[in-house]
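# Notes for the structure review
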Amino acid sequence: MPKSYMEYKKQQDRLLTLSLQTWFVPDEYWQSLEVSHRLSFGYGYLTWEWFEGIRSIIYPAVFCIPYKILAYLDLDSRQALIYVPRVIQALFSGWVEWSFMKETKSVLNGSQVSWFVLLELGNYFLYYVTSRTLANTLEMNLILLGISNFLSQCKGSFLLCVMISCYIRPTSAPIWLPFLLHFFQQEKRWIFSKTFLKVVLKCSLVLGTVLGLDSWWYGKLVLVPVQFLLFNVVNDLSQFYGEHSWHWYFTNALPSLMGPTLIPLVFTFSNKKTSNFIGSKVITVQLSALLYILCHSFVGHKEIRFLTPIIPLLNFLAAIKLQTLKWRKTFLVLFCTWNISLMWYLSVRHQRGVLDATNFIGLFVNPEDKVLYLMPCHSTPLYSHLHVNASLQFLTCPPNLQHLKHYIDEADRFYENPSKWLVDNPSWALAKYVVIFDALLDSISSHLDSNGFHLIRNFFHADMDQGRVGRRVLVFKRE
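Everything numeric here is computed off the predicted structure, so don't read it as measured data. (Residues numbered from 1 in each chain as written. Predicted model: local features only at pLDDT ≥ 70, side-chain atom pairs only at ≥ 80, totals over all residues. Heavy atoms only, no water.)

When the terminal C-alpha atoms of helix H4 (residues 58-72) are compared, their 22 Å separation across 15 residues agrees well with the 21 Å that a helix rising 1.5 Å per residue should span. Within H4, burial applies to Ile58, Tyr59, Pro60, Phe63, Cys64, Pro66, Tyr67 and Leu70. Remark: aspartate 74 follows H4 within two positions and exhibits a positive phi of approximately 60 degrees. (Helix = DSSP H or I, 4+ residues; strand = E, 2+ residues; numbered from the N terminus. Expected span 1.5 Å × (residues − 1). Buried < 20%, exposed > 50% of the residue type's maximum accessible area, 1.4 Å probe, protein only.)

Take a look at the structure:
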């Protein structure tokens, strides 16, 4: 791998860290930084997941280290708490991708490696998510690190990555099944050696440590992967947050994520001669990607970010076919047009209003203030971005954990009749700031006016209305 790539990757990491000005999904904050803030500073909000034992504390705990260092040095400003975790995640993602690309030389020829580097660096979605503190980003990092060790034959490190990724994100298990079958087929003698026994002991020690930390957090013995699978797969309670048809990943998500790269990718899967080119490893990657998508397709709740871990694998496969395509120049034009435009739009413009509004409120809010977010639940980060022990209230939306009949969460109750909700909950008027999307304004404007609230800022959020999510974010202040 040329040294120039590593320098370019460092520049890309700096660029995406500073240019990322938009909101993607709540989990970027609520499954990591909000928890880290609570652990580090003693105040914050924890969602229902952190009481049900379906999330591991390991990832949020990582960001407690820089938070504590910043606090000790009296450098824990709002901006530092926002950007330091992002820089850490971007650098880790960059190092992992570089390690993975370096090891692909054992499978791809020089031309294919060059195409693979281009596909990785140019993919808009990887640019969009690799610096975000999402569990899916960490899952991708651990998978790529594991495959790098698989290709370099670092056996112990490979098995350790498999174990950690499956513990933190059990959804990664389908990816590892073909790799493990391939690994144990090749290492029949090694698994009966003393070295293998030492690896097992080391993995067991790491697993025991992780299990101990999670059990300490929850105050009881908790097997997070088991709880995760029971909730999301066995009981399928994740459907509460929406569901799609079984084919959605194939017909919607993959075309959106891959764009023009989908064409050589399909050719790679349909190429019968693939097995002649170090076939076993290529077929292993193909089976892993396909099995991962198929397993996720049978779960009702689907999100485009769930495919994040396999995007590098799909780029790897597409690069195999690209060198033989006759219309490579045409592909290059389409690829750059598609990805560069989406990089800019998603990172700078689309869904930026909630972060702009949060940063604005952070300039004025005090510990004695109350801020009320009348928006779909978890529409903004809270304490991790405001870093003030104020009363921050929002509409909640936990799933029906008690299996109640005719269950409706608070957010849905509010949106069924916003005016009635405000009448039934008069304490809302005690807030100093109220934050809403413009789509809600007509329904509650009379209540805002009668309680002395006036508009102080209006932020652009998106170019199109998305149901309850409007085009602009409005911030009201009570005088």
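The next point concerns the state of the cysteines. The full count for this structure, using the stated rule, is 1 disulfide. Note that cysteine 377 is cross-linked by a disulfide to cysteine 397, the S-S spacing being 1.8 Å. Looking along the S-S bond of the cysteine 377-cysteine 397 disulfide, the torsion reads about 75 degrees, which is the right-handed sense. With cysteine 377 in the loop between strand E1 (370-374) and helix H19 (383-386) and cysteine 397 in the loop between strand E2 (391-394) and helix H20 (410-416), this residue pair connects regions lying 20 residues apart in the sequence. (Disulfide = S-S within 2.5 Å.)

The mixed open sheet is built from 5 strands, whose spatial order is E2-E1-E3-E5-E4. Both outer strands of the open sheet, E2 and strand E4 (453-460), are each paired with one neighbouring strand and no more. Averaged over all neighbouring strand pairs, the angle between strand axes comes to 20 degrees, with direction disregarded. Relative to E2, E1 runs parallel, the two being bridged by 4 bridges. Within E2, the residue paired with valine 371 across the bridge is leucine 392. Lying over the sheet, helix H18 (residues 353-362) contacts E1, strand E3 (433-437), E4 and strand E5 (472-478), oriented at roughly 130 degrees with respect to E4. The strands touched by helix H22 (residues 441-450) are E1, E3, E4 and E5; relative to E3, the strand with the most contacts, the crossing angle is about 165 degrees. (Pairing = 2+ DSSP bridges. Axes fitted to C-alpha atoms, helices over the stretch in contact; angles between N-to-C directions. Contact = heavy atoms within 4.5 Å.)

Summed over all chains, the structure comprises 6 cavities of 30 Å³ or more. The calculated volume of the largest cavity comes to roughly 120 Å³. Forming the walls of the largest cavity are Gln31, Trp50, Ile54, Arg55, Ser56, Tyr59, Pro60, Ala135, Leu138, Ile168, Arg169 and Phe228. Looking at the lining of the largest cavity, the elements with two or more residues in it are H4 and helix H8 (135-151). Residue composition of the lining of the largest cavity, grouped by class: 8 nonpolar, 2 polar and 2 charged. (1 Å grid on protein atoms, 1.4 Å probe; cavity = no way out; pocket = protein on both sides within 12 Å on 5 of 7 lines; lining within 4 Å. Points joined across faces, edges and corners; volume = space filled by probe spheres on them. Nonpolar A, V, L, I, M, F, W, Y, C, P; charged D, E, K, R; others polar.)

Side chains that carry opposite charge are capable of pairing whenever their charged atoms lie near each other. With the rule as written, the count across this model stands at 12 salt bridges. Residue glutamate 187 is joined to lysine 155 by a salt bridge in which the shortest nitrogen-to-oxygen separation is 3.2 Å. Pair noted here: glutamate 187 is in the loop between helix H10 (173-186) and helix H11 (194-218) and lysine 155 is in helix H9 (residues 155-168), with a separation of 32 residues, a long-range link. A salt bridge links aspartate 424 to lysine 420; its shortest N-O distance comes to 2.7 Å. Of this pair, aspartate 424 and lysine 420 are both found in helix H21 (residues 418-424), 4 residues apart, which corresponds to roughly one turn of the helix. A single network of salt bridges, built from pairs that share partners, joins Asp27, Glu303 and Arg305. (Salt bridge = Lys/Arg side-chain N within 4 Å of Asp/Glu carboxyl O.)

This part is about a nonpolar patch on the surface. A contiguous nonpolar patch, built from Leu223, Val226, Leu229, Leu230, Val233 and Val234 and spanning about 490 Å² of accessible area, is present on the exposed surface. Following the sequence through the fold, leucine 230 ends up in helix H12 (residues 224-234). Looking at leucine 230, the relative accessible area reads 35%, which means it is partly exposed. (Patch = residues over 30% accessible without salt bridge, like charges linked within 9 Å, V, L, I, M, F, W, Y side chains within 5 Å. Areas by Shrake-Rupley, 256 points an atom, 1.4 Å probe, with all protein chains shown as cover.)

Residues three or four positions apart in an α-helix share a direction because the helix packs 3.6 residues into each turn. Here H9 contains 14 residues, and its C-alpha end-to-end distance of 20 Å stays within 8% of the 20 Å for a straight helix at 1.5 Å per residue. Those residues of H9 not exposed but buried are Phe158, Leu159, Cys161, Val162, Met163, Ser165, Tyr167 and Ile168. Buried positions along H9 lie against H4, H8, H10, H11 and H12.

Attention now goes to the confidence of the model for the chain. Mean pLDDT over the chain stands at 91; residues scoring 70 or higher make up 93%. Per-element averaging of pLDDT across the chain places helix H1 (residues 3-19) at the bottom with 53 and E1 at the top with 98. pLDDT under 50 marks residues 274-278. Its contacts with residues more than four places away, or in other chains, come to 12 contacts. (pLDDT = per-residue confidence, 0-100.)

Glancing now at the pairing of E5. Pairing of E3 with E5, which is carried by 5 bridges, proceeds in the antiparallel orientation. In the sheet register, valine 435 faces E5, and the bridge partner there is valine 475.

It is worth spelling out the environment of serine 341 at this point. The residue serine 341 is located in helix H17 (residues 328-349) in this model. Given a relative accessible area of 41%, serine 341 falls into the partly exposed group. As for serine 341 and leucine 223, which are separated by 118 residues in sequence, their C-alpha atoms are 43 Å apart.

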